[in-house]
Amino acid sequence: MGHKTRKDVIHSFQVNFFAMGLLNTFPWDSLDKELTTSETSDIIMDILQKHEMIAAEPLDELYEALGKLMCAQEEDVCYKTYFLPTGDAVSLAENVALIAQGTTGLVTWEAALYLAEWALENTHIFKSKTVLELGSGIGLTGIVVCRSSSPTKYIFSDCHQTVLQRLKDNITNCLTNSDSNSASVSVEELHWENVSDEQLQRIQANTIIAADVVYDPDIIACLVKLLSRLLNCKVQENHPEVYIASTVRNPQTYDCFKEELERAGLRHVIMKDSVAQVFPYNRASTIEMIKIYV
């Protein structure tokens, strides 16, 4: 029997439907082979609408089939390419969904793009430094810093296992064998609430950065506590520099973060210099960059 085309599959469904065939006689196997999940859902929705037009009660099996399709995962990973001012391309594996596998860390958020743009204009802050990034996500900011700013060492960090694996893959694809990258790169599993003093001493960061880590009131206290510990880990008698970029989605949460900083004896200053937009994203959101110090 010849290969069925998409048109043939749809026609088979229509014939079965109008012949009032039993659902288990429908060519479901052909759907899996010839159509995407979205197209299959459209066919079932079409059958349900025809039931409604004739005021018939749709069969439970139709709803069950649609439910399974709605829960079925399409290919949830895509590749996004970001071009640097040099013309260099950074291609990252990202999730299509904003929230997946219990985390928001599998996509690139606006503040990470903004921080990367700021880094491109402030390469002197990272040059010949050991840089620690908190909540690296899938790695755009750090990859841009390593490509453009010549840090001595760059430590990516996160706590979610799926994010860490995606991060490692992106680093391998974007930094390994990169002629412009001379930095020593590593990935740390860093849980903010229980980082050991030994781990912080081993990291020995001159510069700490983070983007879009101020979004949940429940994690603000442990974030600020970690920042306080990091700022008091002197490197060659100097306190590290800390820069945080945030998309201010909830002003109350962001104010809570600043109040917690004050309670911890940490001061901050807002970085007001304009930053040229390099990457395509919506700049309408309020994004604020601050420097934190003791």
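Here, the structure is the one placed above.
Because the structure is a prediction, the values reported are computed rather than measured. (Residues numbered from 1 in each chain as written. Predicted model: local features only at pLDDT ≥ 70, side-chain atom pairs only at ≥ 80, totals over all residues. Heavy atoms only, no water.)

Visitor: Sorry, what's going on with the overall build of the protein chain here?
Guide: Counting secondary structure elements, the protein chain contains 10 helices and nine strands. Counting over 294 residues, the protein chain shows a buried share of 45%. Here the contacts in the protein chain between residues at least 6 apart in sequence split such that 68% fall between residues at least 24 apart. Within the structure as shown, the protein chain displays about 15,800 Å² of accessible surface, and the carbon and sulfur contribution to it stands at 50%. (Helix = DSSP H or I, 4+ residues; strand = E, 2+ residues; numbered from the N terminus. Buried < 20%, exposed > 50% of the residue type's maximum accessible area, 1.4 Å probe, protein only. Contact = heavy atoms within 4.5 Å. Areas by Shrake-Rupley, 256 points an atom, 1.4 Å probe, with all protein chains shown as cover.)

Visitor: It is not clear to me how the packing of aromatic side chains should be interpreted in this structure. Could you clarify?
Guide: Two numbers describe a pair of aromatic rings. These are the distance of the centres and the angle of the planes. Taken as a whole, this structure holds five aromatic pairs when the rule is applied. Pairing Trp-118 with Phe-126 gives two aromatic rings, centres 6.2 Å apart and planes at 85°, and the pair type is edge-to-face. Phe-126 shares its class with Trp-118; the two are buried. Pairwise contacts between aromatic rings join Trp-118, Phe-126 and Tyr-243 into one cluster. (Phe/Tyr/Trp six-rings, centres within 6.5 Å; stacked < 30°, edge-to-face > 60°.)

Visitor: Can you walk me through the environment of Thr-152 in this structure?
Guide: Relative to the assigned elements, Thr-152 resides in the loop between helix 6 (140-148) and strand 4 (153-158). Thr-152 gets classed as partly exposed once you look at its relative accessible area, which sits at 47%. Between the C-alpha atoms of Thr-152 and Val-185, which are 33 residues apart in sequence, the distance is 8.8 Å. When neighbours within four sequence positions are excluded, Thr-152 is seen to be in contact with Ser-128, Lys-129, Ala-183 and Ser-184.

Visitor: Which parts of the structure should I look at to understand unusual backbone geometry?
Guide: One non-glycine residue, Asp-212, lies in the positive phi region at around 55°. Relative to the elements of secondary structure, Asp-212 occurs in the loop between strand 6 (207-211) and helix 9 (217-231). We classify Asp-212 as buried; its relative accessible area is 11%. The backbone of Glu-237 sits at a positive phi, close to 70°, despite the residue not being glycine. Along the chain, Glu-237 turns up in the loop between helix 9 and strand 7 (241-247).

Visitor: Quick question: what am I supposed to make of empty space enclosed by the protein here?
Guide: Scanning the entire structure with this criterion turns up one cavity of 30 Å³ or more. Taken together, Leu-200, Ile-203, Gln-204, Ala-205, Ile-208, Leu-230, Cys-233, Val-235 and Pro-240 make up the lining of the largest cavity. Each residue belonging to the lining of the largest cavity can be placed in one class, and the counts come to eight nonpolar, one polar and no charged. (1 Å grid on protein atoms, 1.4 Å probe; cavity = no way out; pocket = protein on both sides within 12 Å on 5 of 7 lines; lining within 4 Å. Points joined across faces, edges and corners; volume = space filled by probe spheres on them. Nonpolar A, V, L, I, M, F, W, Y, C, P; charged D, E, K, R; others polar.)

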